[in-house]
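Examination of the molecular architecture
One letter stands for each residue in the lines below.
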Amino acid sequence: MKQLLFLLACIAGSLSVFSQKKPLDHSVYDGWQNIAEKSISNDGKLAVYGIVPQEGDGRLVIQATDNSWKKEIPRGFNAVITEDGRYVIFRIRPHFKDSRDARIKKKTPDQMPKDSLGIFDVVRDSLLKIPRVKSYKVPEKAGGWLAYQLEKSLPDTKPAMPDSLTRLNNLLHMADSLALVADSLRNKAAEAKLKGMKVLQSATRGARPGAKSADDVEEGTDLVVKDLTTGEEKKYHLVSEYYFSKKGNTLVVETTRKNSDSSSRAAILWVNTASGKTDIVMKAFNDAKNYAFDEDGVQLAFVAERDSVTKALQKFYKLWYYRAGMDSAQLRGDRHNPGVANGLTISSDYTNTFSKDGKRLFLGLAPIRPPKDTTLVEFETARLDVWNYNDDYLQPQQLLQAPVELKRSFLAVLPEGAGSIIPLGVDTCENVVLADEGNAPYALGASNKGYRIRQQWEGNTLSKLYLVNVQNGERKLVQQGVRGNSSMSPGGKFILWYNWKLRHWFTYCVVSGAVAEITRDIKVPLYDEEDDHPDDPPSHGSMGWDENDAHVYLYDKYDIWQCDPEGKLSSRNFTNGYGRKNKQVLRYIQLDREGVSGFGRNRERGDDKAIKAGEPMYLSVFDEATKKAGLAMYRLDWKTDPMPLVVSPHVYQGFAKAKNSDTLLFIRESYNESPDVFMGYAQQGAWTTRQLSHINPQQKDYNWYSVELRKWKMFDGKMSEGLLYKPENFDSTKKYPIIFYFYERNADTRYLYHEPAPSPSIINIAYFTSNGYLVFDPNIYYKNGEPGESAYNSVVSAANYLKKYKWVDSTKMALQGHSWAGYQIAYLVTRTNMFAAAHAGAPVANMTSAYSGIRWGAGVSREFQYEHGQSRIGYSPWQRLDLYLKNSPLFHADKITTPLLMMANDADGAVPWYQGIEFFSALRRLGKKAWMLTYNGEDHNLVERRNRKDLSIRLAQFFGYYLKGEKEPRWMSTGVPATLKGIDWGITEEAKKGY
């Protein structure tokens, strides 16, 4: 009996603690934290990561991966671990409050609080801080050196006060000077009068001390180069740019002239870091840029302009070359160089680069643009855009692309010792991608010319592929009408592409010139068989190549296939069918920091890295049935199943590997576990992990949520699945209001963490569940030509399935979604009155007017979206107008009874603002309950945090009124007149605390 009483007491106690958990409110957002940057030392013993709140001061954490010690740096960010792991270099932001106060006071950029530099010595556990640092750099592949550039020096705001005698003498001297100036002006006036001339007002103005000249430049600031090993420093003045070679053996420093010194000149310096010797590469130029080192740091290339005046409207840059030991840089190319076609010049915008072996210098050639005619009076010249049916792109797209087009460069090469530049890219082969980091004799060229107009309604890009000879610039057409991306093998022996119509992969062999269908013997689909757009399905993608281009590895839905790039040998299921057998999706994780993962990858140089035999590979694992995820290990030479390391109810992402050990750094999260930094390693088949960070401990104080995977039969008889989110304190004896939030298919995100945060467009699941709502996210399955009815089939069937449960209040169900989901919601409320309220963000209401509209964010026509894309109509309006009318909510607005809140922003670049206006005007005309929120200057999703907070408050009030019987806010009941804009937001004083 005593044991029973004790057990009951324990249960009562735990329930008491549980019941004390608070619901989330809008004031908690700012303090919720995220993991920002992260990195791991080469030996795997040191991890560095940033922790940032949504608003406020963050911190940088430096710690041992064995958790033996940890150092936290307030406001640290942008960290780099030196190659030897000895130092962590980073910047330190000013206090958030100080920056905020400066913005409020509208201080100039020079007056704003500035960053500091932090240098943490891991061995000595010491921290050095250096104030007012603009930037810093360390060599990519060498430790021991650091260069940092200081901000402009602060003016002396408190000059020393001179004594009384000095002040008196200064005043007397000033009086004498003024008397002399007055006499001079009187004499000039008399002389002018005698000559019958007017006295020019400018004659009364002397040259002001410190006045800027038209030829003045932005002066550089001090650069400090520090030997981290010895602590020795060297300072360079007037520095504008600086670059280390990869190995740190060379530093290039660019300085500006000093405006107050007519004898000073801009200069480029070559610093040998080992000896400290400094050589002058070039002096006296107007501008220099695009510096490129070779791999060994002994060659330098750059472009410079030194012939025109500073403010010239048209400038011609030249290519310069320098090698250690030269007296000065040599001119290697200009617009008159052999090989440079008439109308082209050396590009000042292309990032020059050397091949890996240093024997080729790649540069850009750019069209010579006509200068602007400054003799024309601007207010007397026409301002217009001319639309022509022959244009490759519509004018809005051209205008958006103009800044890029004005900097367009065509790739060219200057071989070692050659005097003639070899063009590789031209107007009809505008994109060229190198192989083997520029060492290969051939490159891949591509052009979409001739296919551009059809993009307007097809949406996809077709290209012609060329084999480009890097040694002489010759181009050979390889394939026409290739859709999507193509690539060249790392060694440059093959070109690879996917044929969407045939649904197979093809290669072109550089040596033989043969085209091969390399996957014809694979019987399982290599395309997305679940894709439901009215178009050919995309492929599952490529994993990459092994060394020497021996095999290419391609994905099916679950597994990886090893294929012969010549198509002569049979394809092999590389992962031994493990994925399909276990219904687990296996995908390669690129961990090479210099490879495809994006760590400084140079696309044009072709830095796709080959997968090396004998080295462990890591594969991500996703379980299709349970939605769990994990990691497996494999190697190129294995013929067995992959070795599973972990599969758990989590999401794993952001992998990074130590260069010289098998230690991994990654982020792990789950629906009830905030994303945190973990380290892990495999040893003899066993997987060991260690948690490094522990952010958001405050979550335990709030009523959180749980998530369940639910399955039901839709109206068409097919099974569907979705995610049901419940409050942590869910009580099955109570009835809960439920919000159906959805987009397309989100069931695979079962274990994704939803942090409390102000919303850019959709409901925050954590907030609503914490405040007593259920949230259901059903998958949507589409049929061509029936996007609206497909949503009805998926969503309304889900609502019918859930309302059978006693804990669902079927009278308090609502809809919420944005963009494509916003359209579906607008359609659904024309088809059913079962929902008590709905919020549709940026809905398309009228497909007939939206069809040929513009997606202003990209400048492209919306036609492709309806014929082949997300809207899934599959036809043009001239082919099936009935489908456009049937699927447009505007034409069925008279059937709506559900109160509808919309958001349509006036700078929306994806869904035209007028779509919201059309729908709201129709609902207002019909006397329906409707509201529309328009956030000024905001795009498709809200960016400004103040607006996100505002939307979050209004969503809570809107659904609180209709689903929980809370008080109706004034913005809903009586509105907010324009005369009170910026004065009264129509929300309660209590709600304002969330701002």
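Here, the structure is the one placed above.
For every chain, the first residue of its written sequence is number 1, and the numbers climb from 1 along that sequence. In keeping with the model being predicted, local features are shown solely for residues with a pLDDT of at least 70 and side-chain atom pairs are shown and tallied solely at 80 or more, while totals for entire chains, interfaces and linings include all residues. Side-chain numbers here rest on the full set of heavy atoms in the structure, without hydrogens or water.

1. A look at the pairing of strand β12 (residues 233-244)
In plain terms, the rule: Two strands are counted as paired when DSSP detects at least two bridges linking them. Numbered from the N terminus, helices here are DSSP runs of H or I no shorter than four residues, and strands are runs of E no shorter than two.
Bridging between strand β11 (residues 221-227) and β12 involves five bridges; their strand directions are antiparallel. In the sheet register, K226 faces β12, and the bridge partner there is E233. By the bridge criterion, five bridges tie β12 to strand β13 (residues 250-255) in an arrangement that is antiparallel. Directly across from V239, in β13, lies its bridge partner T255. Following β12, the chain reverses through five residues before pairing antiparallel with β13; G248 in that reversal takes a positive phi of roughly 75 degrees.

2. Considering the pattern of salt bridges
Applied cut-off: For salt bridges, the criterion is a side-chain nitrogen of Lys or Arg within 4 Å of an Asp or Glu carboxyl oxygen. Here the term buried applies to any residue with accessible area under 20% of the maximum for its type, exposed to any over 50%, and partly exposed to those in between, with areas from a 1.4 Å probe on protein chains only.
Overall, the coordinates contain 49 salt bridges when judged by the stated rule. A salt bridge links K659 to E83; the shortest N-O distance between them is 3.3 Å. Within this pair, whereas K659 is found in the loop between β41 (651-657) and β42 (664-670), its partner E83 is found in the loop between β5 (76-81) and β6 (87-92), the two being separated by 576 residues in sequence. On the accessibility criterion, E83 (25% relative accessible area) is partly exposed. As a salt-bridge pair, R86 and D121 come within 2.8 Å of each other at their nearest N and O atoms. In this pair, R86 sits in the loop between β5 and β6 while D121 sits in strand β7 (residues 116-121), placing the two residues 35 residues apart along the sequence.

3. Side note on the packing of helix α8 (residues 787-802) against helix α9 (residues 820-831)
Put simply, the test is: To get an axis, fit a line to the C-alpha atoms, keeping to the stretch in contact for a helix; angles then go from 0 to 180 degrees between the N-to-C directions. Here the angle decides the label: under 35 degrees means roughly parallel, over 145 means roughly antiparallel, 65 to 115 means roughly perpendicular, and every other value means oblique. Whether two residues are in contact is decided by their heavy atoms: any pair within 4.5 Å suffices. Amino acid classes used here: Ala, Val, Leu, Ile, Met, Phe, Trp, Tyr, Cys and Pro are nonpolar; Asp, Glu, Lys and Arg are charged; the rest, including Gly, are polar.
Here α8 crosses α9 at 80 degrees, and the two axes come no closer than 9 Å. With respect to their mutual orientation, α8 and α9 come out roughly perpendicular. Together, P787, G788, E789, A791, Y792, V795 and V796 of α8 and W820, Y823, Q824, Y827, L828 and R831 of α9 make up the contact between the two elements. Broken down by class, the residue content of the contact of α8 with α9 amounts to nine nonpolar, two polar and two charged.

4. Considering a nonpolar patch on the surface
Under the convention used in this document: Candidates for patches are residues over 30% relative accessible area with no salt bridge; among them, like charges are joined within 9 Å and nonpolar side chains (Val, Leu, Ile, Met, Phe, Trp, Tyr) within 5 Å. Residue-level accessible areas treat just the shown protein chains as cover; the underlying method is Shrake-Rupley with a 1.4 Å probe.
A surface patch of nonpolar side chains, amounting to about 250 Å² of accessible area, comprises L881, L885 and F891. Structurally, the position occupied by L881 is in helix α12 (residues 881-886). On the accessibility criterion, L881 (43% relative accessible area) is partly exposed.

5. Examining the packing of aromatic side chains
Using the following cut-off: Only rings of Phe, Tyr and Trp enter the pairing, Trp through its six-membered ring, and a pair is recorded when the two centres are within 6.5 Å. The plane angle decides the type: under 30 degrees is stacked, over 60 is edge-to-face, the rest tilted.
According to the stated counting rule, one finds 47 aromatic pairs in the structure shown. Plain terms: the ring middles of F574 and Y634 are 4.9 Å apart, the flat faces sit at 80 degrees to each other, and that makes the pair edge-to-face. Of this pair, F574 sits in the loop between β36 (572-573) and α6 (578-582) while Y634 sits in strand β39 (residues 629-634), and the two are 60 residues apart along the sequence. With a relative accessible area of 0%, Y634 lands in the buried category. On the numbers, 6.4 Å between centres and 35 degrees between planes, the contact of Y671 with Y751 is tilted. Here Y751 lies in the loop between β47 (736-741) and α7 (765-770) and Y671 lies in the loop between β42 and β43 (673-683), a separation of 80 residues in the sequence. By relative accessible area, Y671 is classed as buried at 19%.

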